[in-house]
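Letter by letter, the chains look like this.
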Amino acid sequence: METTGTIRLGNENFEFPIIEGTEGEKALDIRTLRAKSGHIMFDEGYGNTGSCLSQISFIDGEKGILRHRGYPIEQLAEQSTFLEAAMLVIYGELPKSGCLDAFRNHVRDHASIHTGMHHHFDGFPSKAHPMAILSAMLNSLGAYYPEMSSNDREQDLVHFDETAALLISKVRTIAAMTYRMKQGLPFVFPDRNRRYAENFLHMMFSEPYNTYIDSCGAADALDLFLLLHADHEQNCSTSTVRMVASGGANLFASVSAGVCALWGPSHGGANMAVIQMLEEIHAAGDDGSRFIEDAKNGKAKLMGFGHRVYKNYDPRAKILGKSAEHVLSGIGIDDPLLDIAKHLEQAALEDDYFVKRKLYPNVDFYSGILLKAIGIPVEMFTVMFAIGRMPGWIANWKEIAENPKSRIHRPRQVYTGEPQRDFVKLGDR
Ligand code: CMC
């Protein structure tokens, strides 16, 4: 195997080591490029740039493989739970039963939020987007735990286990409270006797006079949804968390930034956009065929399709597609959106435009149909993604914080603006 690679600039050769990951991916280590040659690499969108060494998740986009800490996502989806997978992602190993119980108890103990924070909800207009509220509330949460959000890495790491369990627990409470506030409904307090996803549904949908009962396997389906979102390598929001963490910021601030990055429609916001797209197709009396033509002509984008890394099926989409169908038939709902989605998928998979560009359904294609069937309003979809992604953000923050050699993330740029010029006085312009 080659151990070095050469870059030739003009008449000069510059040699760099090749590093290889445990799954065989190779990278040219150009950390000394600028010092040696005066050049930098230009890679807008970072499609060819490895920003870190990481031991958390592995994706082979060409083969449609996703593994967390070595375990295939299909096995985790089949045999694990969100909280167990969260521990795996954060700590690197499947937990022994005592550790898992201790973690579950930690999460249970931290389910409520400080009553001072209840008043924060009064300040938001009911039209506020839940992602804006979530990001603000997660950052504010740090203010209630100054010992855990000191921005002194050693001290923040001393409290890491508690902070991790606290965030995984409270992100769910804040999400449910956001929904209740926007609906003008009283807050429902967490119930210690309910499991993670079931407790969320209770805080969302129970009433003082009518306790939520899960009669259609909604909690299990939601747990699966969360598990499938637990981590996904260096995506936009996770890289944002690492970027913020690299400056030494605490975990609350870092995940709050992750929520902002997740919000956009090219990333986590796509799950909302998929349902909006399916509803528009349905309202127009289209079965998806006209929309496919629009997508091919650049007039529309097939939301929930395509991925920067997967050039094959996103393995999470396959699992969620089956789960959505299962939940819908369990509830006895015949959702026309599911039929449109299936038709779109079939048509796109057979169409030259999508085949050539290797565009396949991604995780967001079926997740909205599943969430809608459970009763989650569309506006909350991206918040659900954020609850699921919390373990991955936490694990990536930990990787940065525990690395004594970690440097602040500070990319370079190629300046294309005006060359130097002299200031012109206001009256002379
Ligand atoms: N519908 C129609 N055409 C598409 C789509 C799509 N969804 N996605 C990509 N293309 C085309 C694109 O126009 C381009 O065509 P051409 O070569 O003729 O210019 C080609 O495919 C390559 O696309 P790209 O824009 O270079 O791909 P990218 O890697 O920069 O973008 C993406 C990836 C996910 C942002 C994009 O596929 C997209 O916008 N998809 C829809 C939004 C979506 O579902 N996002 C969720 C991603 S998965 C969850 C997550 O991790 O956040």
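Reading guide: rules and limits
- Residues numbered from 1 in each chain as written.
- Predicted model: local features only at pLDDT ≥ 70, side-chain atom pairs only at ≥ 80, totals over all residues.
- Pairing = 2+ DSSP bridges.
- Helix = DSSP H or I, 4+ residues; strand = E, 2+ residues; numbered from the N terminus.
- Axes fitted to C-alpha atoms, helices over the stretch in contact; angles between N-to-C directions.
- Buried ≥ 20, exposed ≤ 12 C-beta atoms within 10 Å, placed from the backbone.
- Arc of directions from axis to C-beta.
- Contact = placed C-beta atoms within 7 Å.
- Domains from an automatic or database assignment.
- Nonpolar A, V, L, I, M, F, W, Y, C, P; charged D, E, K, R; others polar.
- Near = placed C-beta within 6 Å.

It is worth spelling out the sheet that holds strand β3 (residues 26-28) at this point. Strand order in this open sheet of 3 strands is β1-β2-β3, and the pairing throughout is antiparallel. Each having just a single partner strand, β1 (4-9) and β3 make up the two edges of the open sheet. Shown here is a sheet whose adjacent strand axes are inclined to one another by a mean of 30°, direction ignored. The pairing of β1 with strand β2 (residues 12-20) spans 6 bridges and is classified as antiparallel. Within the sheet, the bridge partner assigned to L9 lies in β2 and is E12.

Turning our eyes to something else, we now look at helix α14 (residues 289-296). Within the sequence span of α14, burial applies to F291, I292 and A295. The buried residues of α14 all sit within an arc of 105° when viewed along its axis, so they share a single face. Against the buried residues of α14 lie α13 (270-283) and α16 (336-350). Just downstream of α14 lies G298, where phi reads positive at about 75°.

Taken as a whole, the protein is organised into domain 1 (4-65), domain 2 (69-262 + 377-390) and domain 3 (270-374). Between the C-alpha centres of domain 1 and domain 3 the distance comes to 34 Å. Facing 7 residues of domain 1, the contacting portion of domain 3 comprises 8 residues. The class makeup of the residues in the side of domain 1 that touches domain 3 is 2 nonpolar, 3 polar and 2 charged.

Okay, the site of the ligand next. A270, L302, G306, R308 and N362 are the nearest of the 20 residues found near the ligand. A per-class count over the shell around the ligand returns 7 nonpolar, 9 polar and 4 charged.

The two faces of strand β5 (residues 65-68) differ: L66 and H68 on one face are buried, but I65 and R67 on the other face are not. Where strand β4 (residues 57-60) and β5 come together, 4 bridges link them in antiparallel fashion. Paired with D60 across the bridge in β5 is I65. Strand direction decides the pairing type here: β5 and strand β6 (residues 71-72), joined by 2 bridges, are antiparallel.

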